[in-house]
Number of protein chains: 2
Amino acid sequence: MSSADPAATPSPATDGRPVGINEVAAHAGVSAATVSNVLNRPERVAEGTRRRVEGAIAELDYVRNSSGSNLRSGRSDSIGLVVHDVTNPFFTEVARGVQDAAADEGRAVVLLNSDEQAAWQSRSLRLLAEQRAAGAVVMPIDDDMADLLWLRKRDTPWVVLDRGDVGEDLGCSVTVDNHAGGLAAGRHLIGLGHDRVTFVSGPLGIEQCARRLDGLRAACEEGGLDPDRAVRVVEAAQLNPRSGEQAVEEILAGGPRRRPQAAFCANDQLALGVLKGLGERGLRVPGDLSVVGYDDVDVAGLVHPGLTTVAQPKYELGRAAMRLLHSELADADHRHQRLRFEPELVVRGSTAPATTHPTL
Amino acid sequence: MSSADPAATPSPATDGRPVGINEVAAHAGVSAATVSNVLNRPERVAEGTRRRVEGAIAELDYVRNSSGSNLRSGRSDSIGLVVHDVTNPFFTEVARGVQDAAADEGRAVVLLNSDEQAAWQSRSLRLLAEQRAAGAVVMPIDDDMADLLWLRKRDTPWVVLDRGDVGEDLGCSVTVDNHAGGLAAGRHLIGLGHDRVTFVSGPLGIEQCARRLDGLRAACEEGGLDPDRAVRVVEAAQLNPRSGEQAVEEILAGGPRRRPQAAFCANDQLALGVLKGLGERGLRVPGDLSVVGYDDVDVAGLVHPGLTTVAQPKYELGRAAMRLLHSELADADHRHQRLRFEPELVVRGSTAPATTHPTL
DNA sequence: CGCCGATATTAAAACGTGTCAATAAAATAA
DNA sequence: TTATTTTATTGACACGTTTTAATATCGGCG
């Protein structure tokens, strides 16, 4: 414990040269190899010497230089996490899960943003390759696996997050069933009597959005509605509140009589923007329009009315990804696997039964 | 550019042994030193050989091993960022600023959570010491500088974020004037005629909270009110929405007739929780109670009513911190400095003039 | 007494890179 | 031509660690 409290020792590090394993060895009257053993396999060294070495470590305030050990072992022990944007609360929850799980193993996490741009994703993975990262947890920006294949060829294993179409032989993946999520949201809306729903999508190239839409359409068919008539799609530029706000204009484009009864947003961030935009135009939620989001970020439960949304186990997603990565790093007989979580509909105040004759 | 696109080359990395600077040298018919020069000081190597080496690099799909170079140089080139909690949107904005600025210099950022616990902060800094991080940006959990002093003694420079009481000789700091923020909020409320304000604080040990409270009290005196009568303090357990929600009970504890006219929260997160708690008890904002937050996180503008709050230049905070750190790393004649930003009051719908006779 | 196995310790050799001093080659000056 | 400077290249070492194979120590057993 004394070495855990950095300030406890007077730190004679001002001896001039930095203190390494050799200085410790000299100070303890022992060889460098023994010091290394104390650090890595304490059971192999006799009680007495071990204590002497530990004393020297504390007294000299020695802290291991991981560059050295990484060089020797050919691998760093930190892991990379590549997300679209740290600023998005969905990702931060996931990140937190990854970090906590990594911390359990004493690993540091290098956090990189791809900004949903291929070039940045490449740069990030390249950086991890340079660092010889132990592994990576990646949320790919699209289904082009070239970068990831390249990384794996360099013996850096990874786990793909939130993207299902990874060949099982390439690596593990952790996903949430987006189709099921869309389906649940759709059933809920249709159950409330809505038959004109606008899907506020992010860029349609994003697989998650497409699948959620699929789910919504499936719910229509299930409910005896023609998806092509019941569902209209509005594509927002980005998955953030501002884009949601801007999308409102398009949602209402058809004039009051063609106004949809509900908006299902690909994202809570979008949904929050939509809520705001509707409010500014004097439309009431859920009176005039029901709104459903996706993710169940913290604030979804804080706004008024509370946002009905499809919850994803964000933190668990991150933890699970890290767990799989750990398995691949530690278990000799590791087999890649796809882990799929089920989303869960959380009903709050932003959805209500359709009024038979909407306010005209 | 060809080497920037990882997948472009067929990658003969399957030659058995990993390809290092030596393999490249051999393949280009040149010495290892020359390859190193091509990588680090291209101007010192002749046009022809340089191209030959670059060809070999591309062909062998070589990527530098930073363990090696870090070991040699005694320093890693990545920088550490220690925040309280990635999950808090305030920190993510700051983090984004740091990351972007770091990316400009090609540096990676190791993100660590301290969870506001001394032990975790120590662990984080220790980890950075092990990595021989180039530097760190730290939001300290309290005013105990022992950890940071220790780190600096190990030649790892840092910039302190959001905490003003750092001796100028120890290192740079970037802060926002919390007193001014509290003052601005206080003036606003008093200007609206409120004379019973509850300050919803986080743990009072946190300097930021204390200063903001000071500012509020100063505003009272300025307005001819006795701070001890006009301001009541409620201490929430943590700076998150849940704590805010729980604090509502205490805010209203005095019964309807002693109900405050306004709540000034140390944090937007707290404020959001307070808004929710009030809503659930049927109280209207701002009709029955005005609410002010602090930080101006994204959602502050999205909830209804919009949250009046004290905005901090979060992203700029992060960028500035990284810029100072860079200066310390690069400029030989660096002098530590304190950078102080001014907060700005953003008035939205959650505050309104006091009713002369509150709803009784 | 000599031998054995077990236990503790260590010398030495990597790992991949950057830098310094030294050499080779070429260009310029004399 | 030779002497001198400039320009390109290189050999060799150091950085701090881990690991392998070898050595030293010791108690016990034949």
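None of the values given here were measured: they were computed from a predicted structure.

(A) Focus on the side chain of S350 of chain A. Residue and element names in this part refer to chain A. On the secondary structure map, S350 appears in the segment after β12 (344–346). The class of S350 is buried, set by a relative accessible area of 0%. Among the polar contacts listed, one links the side chain of S350 to the backbone oxygen of V291, at a separation of 2.6 Å. Apart from residues lying up to four places away in sequence, S350 is in contact with V285, P286, L289, S290, V291, P305, G306, L307 and T308.

(B) Up close: the interface of chain A and chain B. Opposite the 55 residues of chain A that make contact, chain B presents 55 residues. Carbon and sulfur atoms make up 52% of the area that chain A and chain B hide from each other, which totals about 5100 Å². Taken together, the links from chain A to chain B amount to 6 salt bridges. Ionic pairing is found between D115 of chain B and R96 of chain A, a salt bridge with its closest N-O pair at 2.7 Å. Taken together, chain A and chain B are joined by 20 residue pairs in polar contact (both at pLDDT 80 or more). Elements supplying a minimum of two residues to the side of chain A that touches chain B: α4 (66–73), α5 (89–104), β2 (109–113), α6 (118–130), α7 (146–153) and α12 (268–280) of chain A. Per-element accounting of the side of chain A that touches chain B gives the leading share, 7 residues, to α6 of chain A. Of the residues belonging to the side of chain A that touches chain B, the class tally is 23 nonpolar, 18 polar and 14 charged.

(C) Geometry of the pairing of strand β3 (residues 135–138) of chain A. Residues and elements named next belong to chain A. The side-chain alternation of β3 yields two buried faces, one formed by G135 and V137 and the other by A136 and V138. One ladder, built from 4 bridges, connects strand β1 (residues 79–83) with β3; its direction is parallel. Along β3, the bridge assignment pairs V82 with V138. Both β3 and strand β4 (residues 158–161) contribute to a ladder of 3 bridges, which runs parallel. Residue pairing across strands places V137 opposite V159, the latter belonging to β4.

(D) Fine view of the protein's contact with DNA strand D. Neighbouring residues of DNA strand D: 24 residues in total, closest I21, Y62 and R72 of chain A together with T34 and T49 of chain B. Looking at DNA strand D alone, sugar and phosphate atoms form 69% of those within 4 Å of the protein. Residue S31 of chain B places a main-chain N or O atom 2.9 Å away from a phosphate oxygen belonging to DNA strand D. The contact in question runs from a phosphate oxygen of DNA strand D to an N or O atom on the backbone of A46 of chain B, over 3.0 Å. Contributing elements (two or more residues each) for the surface near DNA strand D: α1 (21–28), α2 (32–40) and α4 of chain A together with α2 (32–40) and α4 (66–73) of chain B. Taken together, the residues that form the surface near DNA strand D break down as 9 nonpolar, 11 polar and 4 charged.

(E) Examining the domain arrangement of chain A more closely. When cut into domains, chain A gives domain 1 (12–64), domain 2 (76–177 + 314–341) and domain 3 (178–312). If you average the C-alpha positions of domain 1 of chain A and of domain 2 of chain A, the two centres end up 36 Å apart.

(F) Region of interest: the relation of the copies chain A and chain B. The transform that puts chain A on chain B rotates by 180° and translates by 0.0 Å along the axis, for an RMSD of 0.1 Å. Such a combination of turn and shift is consistent with a two-fold rotation axis. If distances are taken from each C-alpha of chain A to the rotation axis, the shortest is found for V110 of chain A, at 2.3 Å. An overlap of 100% is found between the interface residues of chain A and their copies at the interface of chain B, pointing to a shared contact surface.

(G) Just the environment of G223 of chain B, in detail. All names here are of chain B. Within the fold, G223 resides in the loop between α9 (207–222) and α10 (227–230). Its relative accessible area of 44% is what places G223 among the partly exposed residues. On a C-alpha basis, the gap between G223 and D195 in space is 9.6 Å, while along the polypeptide they are 28 residues apart.

(H) Structural view of α2 of chain B. All names here are of chain B. Buried within α2 we find T34, V35 and V38. Down the axis of α2, the smallest arc covering the buried residues is 100°, so these residues share one side. Looking at the buried residues of α2, the elements they touch are α1 (21–28) and α3 (47–60). Put simply, S31 is the residue that caps the front of α2, since its side-chain oxygen is 3.2 Å from the backbone nitrogen of A33.

(I) The protein's contact with DNA strand C, seen in detail. By nearness alone, 25 residues border DNA strand C, and S31 and T34 of chain A together with I21, Y62 and R72 of chain B come closest of all. In this structure, I21 of chain B approaches DNA strand C through a main-chain N or O atom, which is 2.4 Å from a phosphate oxygen. Between a base nitrogen of DNA strand C and a main-chain N or O atom of G68 of chain B, the distance comes to 3.4 Å. Contributing elements (two or more residues each) for the surface near DNA strand C: α2 and α4 of chain A together with α1, α2 and α4 of chain B. Take the surface near DNA strand C: its biggest share by element is 4 residues, from α4 of chain B.

(J) Molecular detail of the side chain of Q261 of chain A. Mapped onto the elements, Q261 of chain A comes out in the loop between α11 (241–251) and β8 (262–265). For Q261 of chain A, the residues in contact, after removing those within four places along its chain, are G193, H194, D195, R196, D288, L289, S290 and A354 of chain A.

(K) Region of interest: unusual backbone geometry. With an omega dihedral of 5°, the bond running from V285 of chain A to P286 of chain A counts as a cis peptide bond. Of note, the amide linkage connecting H304 of chain B to P305 of chain B takes the cis form, showing an omega dihedral of 0°. Mapped onto the fold, P305 of chain B is located in the loop between β9 (290–295) and β10 (308–311). Backbone geometry at E116 of chain A places phi at a positive 60°, although glycine is not the residue there. Within the secondary structure, E116 of chain A is located in the loop between β2 and α6.

(L) Geometry of α9 of chain B. All names here are of chain B. Counted at 1.5 Å a residue, the expected span for α9 with its 16 residues is 22 Å, and the 23 Å between its end C-alpha atoms agrees. For α9, the complete set of buried residues consists of E207, Q208, C209, R212, L213, G215, L216, A219 and C220. Tucked into the core, α9 has its buried residues touching α8 (178–191), β6 (197–201), α10, β7 (231–235), β8 (262–265) and β9. Downstream of α9 by one or two residues, G224 has phi in the positive range, about 80°.

(M) View of the pattern of salt bridges. Residues and elements named next belong to chain B. All chains considered together, the criterion is met by 34 salt bridges over all chains. The partner of K276 in a salt bridge is E245, and the shortest N-O contact between them spans 3.9 Å. Of this pair, K276 sits in helix α12 (residues 268–280) while E245 is found in helix α11 (residues 241–251), placing the two residues 31 residues apart along the sequence. Residue E245 is classed as partly exposed on the basis of its relative accessible area, which comes to 25%.

(N) Region of the structure containing the sheet that holds β9 of chain B. Residue and element names in this part refer to chain B. One open sheet holds the 6 strands; their spatial order is β7-β6-β8-β9-β10-β12, and the pairing between them is mixed. Edge positions in the sheet fall to β7 and β12 (344–346), since each has one partner strand and no second. Here the strands of the sheet are splayed against their neighbours by 20° on average, with no regard to which way each runs. α9 contacts β6, β7, β8 and β9 of the sheet and is inclined by roughly 170° relative to β6.

Criteria and thresholds
- Along each chain, the written sequence defines residue order, and numbers are assigned to residues from 1.
- Each chain is given a letter, starting from A, and each ligand a number, starting from 1, according to the order in which they appear as written.
- In keeping with the model being predicted, local features are shown solely for residues with a pLDDT of at least 70 and side-chain atom pairs are shown and tallied solely at 80 or more, while totals for entire chains, interfaces and linings include all residues.
- Values reported for side chains reflect all heavy atoms of the structure, with hydrogen atoms and water molecules removed beforehand.
- Only DSSP runs of H or I covering at least 4 residues are called helices, and only runs of E covering at least 2 are called strands; the numbering of each starts at the N terminus.
- The rule is simple: take the accessible area with a 1.4 Å probe, protein chains only, and divide by the maximum for that residue type; under 20% is buried, over 50% is exposed, in between is partly exposed.
- Counted as a polar contact is a pair of N or O atoms within 3.5 Å, where, for protein atoms, one must be capable of donating a hydrogen and the other of accepting one, and residues adjacent in sequence contribute only when both atoms are in side chains.
- The contact rule is simple, with two residues in contact once any of their heavy atoms fall within 4.5 Å.
- Defined here as a combined quantity, buried area equals the accessible surface (1.4 Å probe) lost by two parts on assembly, summed across both.
- Note on definitions: salt bridges are taken to be side-chain nitrogens of Lys or Arg within 4 Å of carboxyl oxygens of Asp or Glu.
- Side-chain classes follow a simple rule in which Ala, Val, Leu, Ile, Met, Phe, Trp, Tyr, Cys and Pro form the nonpolar group, Asp, Glu, Lys and Arg form the charged group, and the remainder, Gly included, forms the polar group.
- A pair of strands is treated as paired once DSSP finds two or more bridges between them.
- Each residue is tested against the molecule or strand, and it is near if at least one of its non-hydrogen atoms lies within 4 Å.
- Segment limits for the domains were obtained from an automatic or database-derived domain assignment.
- Alignment of copies: least-squares fit on C-alpha atoms of residues with pLDDT of at least 70 in both copies.
- For this quantity, the arc is that covered by the directions from the helix axis to the C-beta atoms.
- Under the convention used throughout, the expected extent of a helix is 1.5 Å for every residue step, that is, one less than its residue count.
- The axes used here are C-alpha line fits, helices contributing only the stretch in contact, and every angle between their N-to-C directions lies in the interval 0 to 180 degrees.

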